[in-house]
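The primary structure of each chain is shown beneath.
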Amino acid sequence: MLNYNLKTAWQNLKSHKSYVVINAISLSIGIGACLLIFLVVNFETSFDNFHADKERIYRVVAATQSPAGVQYSKATAYPVAEGLRIDYPQLEKVARIYERKNQQITLPDEAGKSVNLPDRKFKEQVFFAEPEFFDLFNFPFAAGTAKTALSGVDGAVLSKETAEKFFGDWNNAVGKFIKYADGSIFKVSGILENVPANTDFPLQVVLPFKAAEQQDIPKNWVGQDPSLNTYITLPANLQADQFNAELKRFVKKHTPAEFANQEYILQPLDQIHYQSEFGSYRGSTFSKKLITALSLVGLFLLSIACINFINLATAQAVTRSKEVGVRKVLGSSKNQLISQFLTETFLITIISTSVALGGAFVGLPFLNNLLHTSLSIEPGLPLFVFLLSIISLVSLLSGLYPAIVLSGFNPLKILQSRFTGRAAGGISLRRVLVVFQFTIAQILIIGTLVVVSQMDLFQHASTGFDKDAVVIVNIPRDTGRINKSDALKNQMLQQPGVKNVSLSSFSAMDVASWDDKFRFDNAVKKSEFNAEFKWADNDYFKTYNIEFIAGRAYAKADSINGYVVNELLTQRLGFKNPEEIIGKKIDIWDGKLVAPVVGVVKNFNGASLKEELKPTLIGSFKMVYRSFNVKIEPANAKQTLATIEKLWNNTYPEHLYEVQFLDEKMAGFYKQEQQLSQIFQVCAGIAIFISCLGLYGFVSFMAVQRTKEIGIRKVLGASVSSIILLFSKEFSILISIAFLIATPIAWFFMHRWLQGFAYRVEIGVGFFIATIAIAQLIAWLTVGYQALKAALANPVKSFRSE
């Protein structure tokens, strides 16, 4: 029976090639898009699930109460880990890890001296970890062990990939030496198996935590460093909520009373990849809301592809009615006919899935480039289960209703030529399905327009400073950088293509920052709010063209001799006139950095536009300068950058040169939003295309259903335009109904999405007018050919067929 059904189905499909092609295109696009989304969701939900005790591993994170609400951070104070070990011996494991981004690693010669060759200098993300870290997490060693590799102060652990990059063959790496950015020499004592892509611990270079004590880590109970993380494994009989209560007592015991607003809570390992308020060592998180949104988009794209199948299959009802009638007269039962039609659907689904797999292979590089991932389509149980589920689900959803309808025709009416197509039934259902398709398509169109507009705001909104043609050049973090930086700055200023140069800790807009409370005007208590600190020389304001509204820039100096504040800080302190704050003293860190306010500048965005403007103060603090801010002439940019690189290499011959345009750096702040924008655009395009195929099927049904009516209208003098309008009126109403449904849904979800940004676009009526116009225009173009064909048909043929 199965063999007969397959042969018959294949012959029927060959007889209806256009029907098969349209369905196969629609289904293959829907299945292909769904497959790519499945790969993304499957990857993003698999992070760090390979650790043996993953359900009991937690990160200790900070939750600080403030007037603006709770501020979260992945930071912990340096003594927290040791305090937990002492106070709570029941904890199975406690481990610290400290991160330093973009650190130079040099390969010295056998005598430990640096070799000034470009291929022996590298920039790496470096971690300092306690040996217990590798007991807590399951990162296997290919050579050496965690206990021996990190037990001292001079051992180093490399991944296989990094060892091969450094030394050619990882098997020869053990025993070799590497030189860290601060000049410390480490001996390679362990090799990690390459860490998987689905981990938030990109371990490539790991040094002993004991060596991190030489870094600038606050060693007290209140100094929290976001780069310092503490992880614990709870015993099986202890729940996270119970231990969170213990952590309150723990903080109260060890923290001074004035820092009572600081708390620690536990963050489960399986939430690290998703919670942006804490962040991860990968530098980005992937929102669970985005995973849900992608999953729904994939499901909807597949659904509207199935709807197309239903519409096209029922549109074929009239042409296949005689076939059904003959089969029934010859003894075929309804179940046999349903089985036959389902077999046809199954074959089309198999063809579509095969095409979708090929399309997914073609589209995967684009997706990897967009999301900065390395996804691949690999044979395995997850892929097999997914494809089997898709084939079964699509075959059932797409084929069952048309099969029931087609198999239910009355053979007597068919053979007496009294079948008009009404028996295909479901005309109301088909209208509902078309409305559903265009509802989804228009939701995606509105979403795309909002996301693109928000990205445009990020890119073109005024920041309050001049960011054009500013390049950021790093300063090496060795002991000699301070003495050499002033000389290099003067050399840069002598170049004809350089307009201004400033030394600073952070650029004018930067994700990195220092912030803390301060004492104002000899007050006993510190301020109720945190201020953001930006350390820079007095040329900073001229380089970025930051406008003063009171006072002046501080004088040239290596240390604090005056502060410049923004107008928001003056307002937070209660001053209505910026001039009133000039001369008032600000004390940071209990007398360590005391100086008067000498100037007030207009507010400028010192961080991402996703965040609220912050009270800011700027002062000179040469010891912490990290970069040159160089304003160049755009006309001679290439030559000027080459000159800067040459001067830099002459000044710091042992270090790697790095340069980045400020506008490129700022674009990186909105990487996830840019990715979302492109995903929305692609998915909206796919949804519109599939929906238009469905609309084509619906119009095809209408043309067959109303053949006699059209013929009569033409005989009675109806024009071609009036007949085209007859078709257009039907689908225009359906699309308008879909628009009315899509509008509140899209507004609700996009409004919620925009609430995550401090600076955001308003969802005005223009978004909705553009959406209905786009939908109607595309739909008219889609059905134009079919409507024109029906209008131009010879009416005599329609009467003769009757």
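Worth saying up front: this structure is predicted, and the values here are computed from it rather than measured.

This part is about the overall build of the protein chain. On a plain count of helices and strands, the protein chain comes out with 24 helices and 25 strands. Split into buried and exposed, the 802 residues of the protein chain put 51% on the buried side. About 36200 Å² of surface is accessible on the protein chain, with carbon and sulfur atoms providing 57% of the total.

For the rest of this paragraph, the subject is the packing of aromatic side chains. Going through the model one piece at a time under the given rule, you end up with 46 aromatic pairs. Ring centres 4.8 Å apart and planes at 45 degrees place the aromatic pair F133 and F137 in the tilted group. When its relative accessible area of 1% is taken as the criterion, F133 is described as buried. Consider the rings of W514 and W589, whose centres lie 5.9 Å apart with planes at 50 degrees: the pair is tilted. In this pair, W514 sits in strand β16 (residues 514-516) while W589 sits in the loop between β21 (585-588) and β22 (593-601), placing the two residues 75 residues apart along the sequence. Taking the relative accessible area as the measure of exposure, W514 reaches 25% and is therefore partly exposed.

With respect to the element layout, T64 can be found in strand β1 (residues 57-66). Distance from T64 to Y264, taken between C-alpha atoms, is 8.2 Å for residues 200 residues apart in sequence.

Moving on: unusual backbone geometry. The phi angle at D48 is positive, at roughly 55 degrees, despite the residue not being glycine. Checked against the element boundaries, D48 lands in the loop between α2 (17-44) and β1. In this structure D48 comes out as buried when scored by relative accessible area, which is 4%. Phi at N545 is positive, roughly 55 degrees, even though this residue is not glycine.

On the basis of which strands lie adjacent, the open sheet formed by 4 strands has the order β15-β24-β14-β25 and antiparallel pairing. Among the strands making up the open sheet, the edge pair consists of β15 (498-504) and β25 (659-661). Recorded for the sheet is a direction-independent mean angle of 25 degrees between the axes of neighbouring strands. For β15 and strand β24 (residues 627-632), the ladder comprises 6 bridges, and the chain directions are antiparallel. Bridged to V498 within β24 is I632. Along the sheet, helix α18 (residues 637-651) contacts β14 (470-474), β15, β24 and β25; its crossing angle with β24, the most-contacted strand, is approximately 150 degrees.

Attention now goes to α18. Taking 1.5 Å as the rise per residue, α18 with 15 residues should run 21 Å; its terminal C-alpha atoms sit 21 Å apart, in good agreement. Looking only at α18, the buried set comprises A637, T640, I644, L647, W648 and T651. Buried residues of α18, seen end-on, are gathered within an arc of 100 degrees and therefore sit on one face of the element. Residues of α18 that are exposed and point more than 90 degrees away from the buried face comprise K638, Q639, K646 and N650.

Our focus in this paragraph is the nonpolar core. Formed by 101 residues in total, the largest nonpolar core has its most connected members in L294, L301, L444, F465, Y544 and I546. Leave out the neighbours within four places in its chain, and L444 touches V297, F680, C683, A684 and A687. By size, the runner-up hydrophobic cluster in this structure holds 41 residues, among which are F533, I588, V597 and I644.

With that settled, consider the state of the cysteines. With the rule as written, the count across this model stands at 0 disulfides. No disulfide involves C306; its nearest neighbouring cysteine sulfur is the one of C34, lying 9.5 Å away. The exposure class assigned to C306 is buried, which follows from its relative accessible area of 4%.

In regular strands, side chains alternate between the two faces of the sheet. The buried fraction of β22 is high, at 7 of 9 residues. As paired strands, strand β19 (residues 548-551) and β22 are joined by 3 bridges and run antiparallel to one another. If you follow A550 over to β22, its bridge partner there is V600. As judged from the 4 bridges shared by strand β20 (residues 563-566) and β22, these two strands associate in the parallel manner. Along β22, the bridge assignment pairs V564 with G599.

This part takes up the pattern of salt bridges. Applying the stated criterion to the full structure yields 28 salt bridges. Taking the shortest distance from any N to any O, the salt bridge between D87 and K253 comes out at 3.3 Å. You can see D87 sitting in helix α3 (residues 80-87) and its partner K253 sitting in helix α8 (residues 240-254), a full 166 residues away along the chain. The class of K253 is exposed, set by a relative accessible area of 57%.

Our next topic: the side chain of S505. Examined against the element boundaries, S505 turns out to sit in the loop between β15 and β16. Classification of S505 as buried rests on a relative accessible area of 4%. Sequence-distant contacts of S505, defined by excluding residues within four places in its chain, comprise K534, W535, V624, Y625, R626 and S627.

On to helix α6 (residues 160-167). For α6, every residue scored as buried is listed here: K160, T162, A163 and F166. Projection of α6 onto a plane perpendicular to its axis shows the buried side chains occupying an angular sector of 160 degrees, all on one side. Phi for G168, located one or two positions after α6, is positive at around 90 degrees.

On to the packing of α3 against α8, then. Here α3 crosses α8 at 110 degrees, and the two axes come no closer than 12 Å. As the angle between them shows, α3 and α8 are arranged roughly perpendicular. Both α3 and α8 take part in a crossing whose hand is right-handed. Between α3, through V80, G83, L84 and D87, and α8, the contact on the second element is made entirely by F243, L247, F250, K253 and H254.

Our next topic: the confidence of the model for the protein chain. Close inspection of predicted coordinates is inappropriate for parts of the model with low pLDDT. On average, residues of the protein chain carry a pLDDT of 83, and 83% of them reach 70 or more. In the model of the protein chain, helix α13 (residues 411-415) stands out as the element of lowest mean pLDDT, 48, in contrast to β20, which has the highest, 95. Counting interchain partners and residues more than four positions distant, the pLDDT-below-50 stretch residues 414-426 has 32 contacts.

Time to look at the environment of Y554. As for its placement among the helices and strands, Y554 is situated in the loop between β19 and β20. When the C-alpha positions of Y554 and V597 are compared, they lie 8.8 Å apart, and in sequence the two are 43 residues distant. Each residue touching Y554, except ones within four places of it in the same chain, is listed here: A536, D537, N538, F541, N561, G562, Y563, V564, V598, I618, G619 and S620.

Quick notes on the rules
- Throughout, a residue's number is its position along its own chain's written sequence, starting from 1.
- Predicted model: local features are reported for residues with pLDDT of at least 70 only, side-chain atom pairs are reported and counted for 80 or more only, and whole-chain, interface and lining totals are derived from all residues.
- Just so you know, side-chain values use all the structure's heavy atoms and leave hydrogens and water out.
- Here a helix means four or more residues in a row that DSSP labels H or I, a strand means two or more in a row labelled E, and each is numbered from the N terminus.
- A 1.4 Å probe rolled over the protein chains alone gives each residue an accessible area, and that area as a share of the maximum for its type sets the label: buried under 20%, exposed over 50%, partly exposed in between.
- Under the convention used here, a 1.4 Å probe and the Shrake-Rupley method define accessible areas, while residue burial counts only the protein chains that appear.
- Between the rings of Phe, Tyr and Trp (Trp by its six-membered ring), a pair exists once the centres lie within 6.5 Å; its type follows the angle of the planes, with under 30 degrees stacked, over 60 edge-to-face, and the other angles tilted.
- What makes two strands pair is DSSP finding at least two bridges between them.
- Axes here mean lines fitted to C-alpha atoms, for a helix over just the part in contact, with angles spanning 0 to 180 degrees between N-to-C directions.
- Residue contacts follow a heavy-atom distance rule, with two residues in contact if any of their heavy atoms lie within 4.5 Å.
- By this rule the span expected of a helix is its residue count minus one, scaled by 1.5 Å.
- What the arc describes is the spread of directions from the helix axis to the C-beta atoms.
- Throughout this description, the term nonpolar core refers to a set of buried Ala, Val, Leu, Ile, Met, Phe, Trp, Tyr and Cys residues connected via side-chain atoms within 4.5 Å.
- The criterion for a disulfide is a pair of cysteine sulfur atoms lying within 2.5 Å.
- Counted as salt bridges are all cases of a side-chain nitrogen of Lys or Arg within 4 Å of a carboxyl oxygen of Asp or Glu.
- Oblique is the label for every angle not falling under 35 degrees (roughly parallel), over 145 degrees (roughly antiparallel), or within 65 to 115 degrees (roughly perpendicular).
- Whether a crossing is left-handed or right-handed is set by the direction in which the near helix is turned from the far one by less than a right angle, anticlockwise for left-handed and clockwise for right-handed.
- For every residue, the predictor assigns a confidence score, pLDDT, that lies between 0 and 100.

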